[in-house]
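This is what each chain is made of:
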Amino acid sequence: MHTLTPSSFNSLTYLNRVQPSQNRVGPPRRTVKCGYSLEFSNLTHGFGVGSSRADFQHSCAILASKVISQQDDGNHHVSAVNGESTAATNLQLVPLGNKPLPPKPLTITDLSPAPIHGSSLRVAYQGVPGAYSEAAAGKAYPNSEAIPCDQFEVAFQSVELWIADRAVLPVENSLGGSIHRNYDLLLRHRLHIVGEVQLPVHHCILALPGVRKEYLTRVISHPQALSQCENTLTKLGFNFAREAVDDTAGAAEFIATNNLRDTAAIASARAAELYGLNILADGIQDDPNNVTRFVMLAREPIIPRTDRPFKTSIVFAHDNGTSVLFKVLSAFAFRNISLTKIESRPHRGRPIRVEDGESEGTAKHFEYIFYIDFDASMAEVRAQNALAEVQEFTSFLRVLGSYPMDMTPWSPSSSSH
Ligand SMILES: O=C(O)C(=O)C[C@]1(C(=O)O)C=C[C@@H](O)C=C1
């Protein structure tokens, strides 16, 4: 297997330019019973949210009736984390020890339009084997084939092109904060969030066998991992130059491949095993409760339910900048809907709004796109009403997904991943 990388995408660029009907590779798009997918897509593709409140509420009513009819069929499809049904075989993690080399991440040129379809679910993640994202993919879809990709963008495209069935990508960490790139990509691509998975992240300092701290001149890792260990690295006397690389396990692989005796990596214990490195220090994250939240992405949305805790993620913008924010937030507050996350990103299409104050000069306001996660299912009337109201205040609104919360019992990152 290869890792997907950007150079694999020459063929993708072409594919993206052809007509939608020619664009698809792999099996034809699944037809979802009761026409649910179509209506939910209309609802979710913000530009397509009805042109008036009445339209929107009509869409919500259709959605709600479909949800009820789906719930009534008794076909619940609940799995450990996300409530999706999967055709289960075994998780194909890379073997350890003296076994064959781990698979190379997919690249853009690897995204050929003729994927091989096996029976297990194929789950794309960013990084190489041993990355935390690989562990997250395994937690989200325990019986799946993990497909390494060298960039987040490649993981998105691999699902769009039917090379993978799902992508599992990090969006935020409890210490390091948001992974902004993935927020931007969620907006640019048309995949749906179908679940979330929270992974306790337990970092180690790794170096080649025989290498001691005194030999080191630099520490390399994913920027998130470096920031999650900043204080501990200083406390332990690892005051060397820090260098960012694409992923934690990639840092370990780089040291092993290039036989670097002056460089340490921050990565998982599994990466140490895979790439033959020693663990110099264990559990070096600045807080034992170090958790990264990943979202699971699919080509089709899942049916929102009310029989278990759900979260909904939306993205919106307004032509007059931040002035609507209070009104949007109050639409949730009045209905007792808790927000679990709010994030703002530059409005790339229109980053600056200029206001001419004539004699006073020109005011230049930055424009933002807002992302909100809230604690309710789109199958709930209060969530539908809240969104109908939000739609009145915003120029653009899209539901990224309504999906089951990760409710797995809490265990701090005491064990290595
Ligand atoms: O580099 C990895 O191992 C990853 O899976 C990426 C990533 C991230 O993007 O935040 C995931 C989890 C950890 O928080 C550190 C890095």
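Residues numbered from 1 in each chain as written. Predicted model: local features only at pLDDT ≥ 70, side-chain atom pairs only at ≥ 80, totals over all residues. Heavy atoms only, no water.

### What about unusual backbone geometry?
Going by this rule: Each helix is a run of H or I in the DSSP string that is no shorter than four residues. Each strand is a run of E no shorter than two, and both are numbered from the N terminus. Categorising residues by exposure relies on relative accessible area from a 1.4 Å probe, with only protein chains included: less than 20% of the type maximum marks a residue as buried, more than 50% marks it as exposed, and the intermediate range marks it as partly exposed.
The phi dihedral of Trp162 is positive, around 65°, even though this residue is not glycine. At Asn336, a residue that is not glycine, the phi angle is positive and equals roughly 60°. Topologically, Asn336 is positioned in the loop between helix H12 (325-333) and strand S13 (339-346). Accessibility expressed as a relative area gives 67% for Asn336, which makes it exposed.

### Considering H12
The line we're drawing: We call two residues contacting when some pair of their heavy atoms lies within 4.5 Å.
Within the sequence span of H12, burial applies to Leu325, Val328, Ser330, Ala331 and Phe332. The inward-facing, buried residues of H12 abut strand S12 (310-317), S13, strand S16 (368-374) and helix H13 (381-393).

### A few points about the confidence of the model for the protein chain
Our working definition: pLDDT gives the predictor's per-residue confidence on a scale running from 0 to 100.
Summing up the model confidence of the protein chain, the mean pLDDT is 79 and the portion of residues at 70 or higher is 71%. pLDDT under 50 marks residues 9-97. Its contacts with residues more than four places away, or in other chains, come to 174 contacts. This model gives residues 112-117 a pLDDT under 50, and the stretch forms 13 contacts once residues within four places in sequence are excluded. If you check the scores for this complex, the pTM reads 0.76 and the ipTM reads 0.94.

### Quick notes on the packing of aromatic side chains
This is how it is decided: Any two of the Phe, Tyr and Trp rings considered here, Trp counted by its six-membered ring, make a pair once their centres fall within 6.5 Å; the pair's planes then place it as stacked at under 30 degrees, edge-to-face at over 60, or tilted in between. The rule is short: NZ of Lys or CZ of Arg within 6 Å of the ring centre and within 35 degrees of the ring normal puts a charge over the ring.
Considering all chains together, one arrives at five aromatic pairs under this definition. Where Phe238 meets Phe240, the ring centres are 5.9 Å apart and the plane angle is 85°; that geometry is what we call edge-to-face. Accessibility classification places Phe238 together with Phe240 in one group, the buried group. Linked through ring pairs, Phe316, Tyr368 and Phe370 together constitute an aromatic cluster. Over the aromatic face of Phe238 sits the side chain of Lys213, whose NZ or CZ is 5.4 Å from the ring centroid. Lying across the ring of Trp162, Arg299 places its NZ or CZ 3.6 Å from the centre.

### Some thoughts on the packing of H12 against H13
Stated formally: In this analysis, axes come from line fits to C-alpha atoms, helices being fitted only over the stretch in contact, and the angle between any two N-to-C directions falls in the range 0 to 180 degrees. Relative orientations are named as follows: roughly parallel for angles under 35 degrees, roughly antiparallel for angles over 145 degrees, roughly perpendicular for angles from 65 to 115 degrees, and oblique for any other angle.
Their axes nearest at 9 Å, the elements H12 and H13 cross at an angle of 170°. When the axes of H12 and H13 are compared, the pair comes out roughly antiparallel. Contacts from Lys327, Val328, Ala331 and Phe332 in H12 reach Ala386, Leu387, Glu389, Val390 and Phe393 in H13.

### Regarding the UniProt feature "domain: Prephenate dehydratase" (unreviewed entry) in the protein chain
Keep this limit in mind: UniProt positions are given in the numbering used here, feature names are shortened, and annotations may be inferred rather than shown by experiment.
Following the UniProt record, the feature "domain: Prephenate dehydratase" (unreviewed entry) maps to residues 122-299 here. Measuring from the first to the last C-alpha atom of residues 122-299 gives 13 Å, for a span that is 32% helix and 34% strand.

### Considering the sheet that holds strand S6 (residues 204-207)
The cut-off we apply is this: In this description, strands pair whenever DSSP reports at least two bridges between them.
Across the sheet, which stays open at both edges, the five strands sit in the order S8-S7-S9-S6-S10 with mixed pairing between neighbours. With one partner strand each, in any of the chains shown, strand S8 (241-244) and strand S10 (278-282) form the two edges of the open sheet. Across the sheet, the mean angle separating the axes of adjacent strands is 30° when strand polarity is ignored. Pairing geometry for strand S7 (residues 218-221) and strand S9 (residues 263-267), over three bridges, is parallel. Among the inter-strand pairings, Val219 is bridged to a residue of S9, identified as Ala264. Across the sheet, helix H10 (residues 248-258) lies against S6, S7 and S9, angled at about 150° from S9, the strand it touches most.

### Regarding the environment of Tyr125
Along the chain, Tyr125 falls in strand S1 (residues 121-126). Residues Tyr125 and Ala155 lie 30 residues apart in sequence; the distance between their C-alpha atoms is 6.0 Å. Once residues lying within four places of it in the same chain are set aside, the contact partners of Tyr125 are Ala131, Ser133, Glu134, Ala146, Ile147, Pro148, Cys149 and Val168.

### A few points about the pattern of salt bridges
For the record, the criterion: Salt bridges are counted wherever a side-chain nitrogen of Lys or Arg sits within 4 Å of a carboxyl oxygen of Asp or Glu.
One pass over the structure, following the stated rule, counts 19 salt bridges. A salt bridge links Glu134 to Arg270; the nearest nitrogen and oxygen atoms lie 3.2 Å apart. In this pair, Glu134 sits in helix H5 (residues 132-140) while Arg270 sits in helix H11 (residues 269-275), placing the two residues 136 residues apart along the sequence. Just as Glu134 is buried, Arg270 falls in that class too. Between Asp307 and Arg305 there is a salt bridge; the shortest N-O distance is 2.8 Å. You can call Arg305 buried: its relative accessible area is 11%. Bridged by salt links that share partners, the residues Glu172, Glu196, Arg293, Lys311, Lys341, Glu343 and Asp373 form one connected network.

### Quick word on the site of the ligand
This is how the line gets drawn: Consider each residue's heavy atoms; a residue with any of them within 4 Å of a molecule or strand counts as near. By the criterion applied in these results, polar contacts are pairs of N or O atoms within 3.5 Å in which, for protein atoms, one can donate a hydrogen and the other can accept it, and in which residues neighboring in sequence qualify only through two side-chain atoms. Each accessible area value is a Shrake-Rupley result obtained with a 1.4 Å probe; residue values ignore everything except the protein chains displayed when judging cover. Each cavity reported here is a set of points on a 1 Å grid over the protein atoms alone in which a 1.4 Å probe fits but cannot get out, each pocket an open set with protein on both sides within 12 Å along at least five of seven lines, and each lining residue one with an atom within 4 Å of a point. Whether a molecule lies in a cavity or pocket depends on its atoms, and more than half of them have to be within 2 Å of the grid points.
In the vicinity of the ligand, 13 residues are found, and the nearest of them are Tyr132, Ser133, Gln228, Thr248 and Thr292. Between the ligand and Gln228, the relevant distance is 2.9 Å, taken from an oxygen atom to a side-chain nitrogen or oxygen of the residue. Taken by itself the ligand offers 360 Å² of open surface, and the protein chains cover 100% of this. Judged by the fraction of its atoms near the pocket grid, the ligand is located in the largest cavity.

### Quick word on empty space enclosed by the protein
For clarity, the cut-off: Grid points are joined across faces, edges and corners, and a volume is the space filled by probe spheres set on the points. For this classification, the nonpolar set comprises Ala, Val, Leu, Ile, Met, Phe, Trp, Tyr, Cys and Pro, the charged set comprises Asp, Glu, Lys and Arg, and every other residue, Gly included, is treated as polar.
Within this structure, the stated rule accounts for two cavities of 30 Å³ or more. Estimated volume of the largest cavity: approximately 220 Å³. Lining of the largest cavity is provided by 19 residues; of these, Tyr132, Ser133, His222, Gln224 and Thr248 occupy positions nearest its centre. Of all the elements in the fold, those that place two or more residues in the lining of the largest cavity are H5, strand S3 (166-173), helix H8 (223-228) and strand S11 (291-298). The element that contributes the greatest number of residues to the lining of the largest cavity is H8, accounting for three residues. Looking at the lining of the largest cavity, its residues break down into eight nonpolar, nine polar and two charged. By volume, the second largest cavity is sized at about 60 Å³. In this structure, the second largest cavity is lined by Val171, Tyr183, Leu186, Ile193, Arg293, Val295, Ser313, Ile314, Tyr371, Asp373 and Leu400. Mapped onto the lining of the second largest cavity, the elements with two or more residues apiece are helix H7 (180-188), S11, S12 and S16. Among the residues forming the lining of the second largest cavity, the class breakdown is eight nonpolar, one polar and two charged.

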